[in-house]
Amino acid sequence: QTAARKVVCSTGEIVTLILGNQLEFVGCLPRQRNFGGLLVDVEEVRAKLAIPPDDGLTKPELQKRLHASYAMVKWLCDEGYLSLERSRSSVSRKSQMIARRECVEAFCKSYTTLGFLMHETGRAATAIRTQLERRGVFPVLPDHPLGRRLYRQSDLRGCSSFAPTG
């Protein structure tokens, strides 16, 4: 159980490695001939159970990529603009929700957040909103109760200072 905690895996995964003869070292404590007396090399188990890095972004990583608050990222996911799927972290092996990179890139080709526009231009939110409204560009949901500002990239193409960057 100690090895399972250190590797962040189930005891069953270690037993499967032992029964499959996949570990070079399996020892047993001298006076303990039961399951609790088994010894394994934690680093060897960790290497055998290693998970390749996933190709996705967690919600905190999405916040950085989109220059958006956690609430905005949660709203984008809840409303279906970004889809999440369950994955296992290659570092901690714990379950986590991620958005696949290709989905994030497709989203970024179609939409942008006010936070991203602020980051790109270095201007304040009010100045950006005012300039966009003067040019007839409004958020996807202009009257959103929580003020979520999501813009279509296609609407920004006519505004030279807000043209899509990628």
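Residues numbered from 1 in each chain as written. Predicted model: local features only at pLDDT ≥ 70, side-chain atom pairs only at ≥ 80, totals over all residues. Heavy atoms only, no water.

Student: Even after reading the chapter, I still don't get the packing of aromatic side chains, so can you show me in this structure?
Tutor: To describe a pair of aromatic rings, you give the distance between the ring centres and the angle between the ring planes. Applying the stated criterion across every chain, the model contains three aromatic pairs. With a centroid separation of 5.5 Å and an interplanar angle of 35 degrees, the aromatic rings of Trp75 and Tyr81 are classed as tilted. Assessed through its relative accessible area of 9%, Trp75 is described here as buried. Using a relative accessible area of 23% as the deciding quantity, one classes Tyr81 as partly exposed. Members of the aromatic cluster, each reached through a chain of ring pairs, are Trp75, Tyr81, Phe107 and Tyr111. (Phe/Tyr/Trp six-rings, centres within 6.5 Å; stacked < 30°, edge-to-face > 60°. Buried < 20%, exposed > 50% of the residue type's maximum accessible area, 1.4 Å probe, protein only.)

Student: Teacher, can you tell me more about helix H5 (residues 70-78) here?
Tutor: Owing to its 3.6 residues per turn, the α-helix brings residues three or four apart onto one side. Those residues of H5 that fall on the buried side of the exposure criterion are Met72, Val73, Trp75, Leu76 and Cys77. At its buried positions, H5 is contacted by helix H4 (59-66), helix H6 (101-110), strand E6 (111-113) and strand E7 (150-152). Just past H5, the residue Gly80 takes up positive phi, approximately 90 degrees. (Helix = DSSP H or I, 4+ residues; strand = E, 2+ residues; numbered from the N terminus. Contact = heavy atoms within 4.5 Å.)

Student: Looking at this structure, how should I read the sheet that holds strand E3 (residues 56-57)?
Tutor: Adjacent strands of a sheet pair through backbone hydrogen bonds, lying either parallel or antiparallel. Strand order in the open sheet formed by three strands is E3-E5-E4, and the pairing between neighbours is antiparallel. Among the strands making up the open sheet, the edge pair consists of E3 and strand E4 (85-88). Bridge count between E4 and strand E5 (residues 95-100): four bridges; the pairing is antiparallel. When the sheet's bridge partners are listed, Ser87 is paired in E5 with Gln96. (Pairing = 2+ DSSP bridges.)

Student: Sorry if this is basic, but what is going on with the pattern of salt bridges here?
Tutor: A side chain of one charge can pair with a side chain of the opposite charge when the charged atoms of the two come close. Taken as a whole and assessed by the stated rule, the structure comprises seven salt bridges. A salt bridge links Glu43 to Arg46; the nearest nitrogen and oxygen atoms lie 2.6 Å apart. Note that Glu43 and Arg46 are positioned in helix H3 (residues 42-48) at a spacing of three residues, about one turn of the helix. Where Arg152 meets Asp155, a salt bridge forms, and the shortest distance between an N and an O atom there is 3.9 Å. You can call Arg152 partly exposed: its relative accessible area is 34%. Among the residues examined, Asp155 registers a relative accessible area of 31% and is labelled partly exposed. (Salt bridge = Lys/Arg side-chain N within 4 Å of Asp/Glu carboxyl O.)

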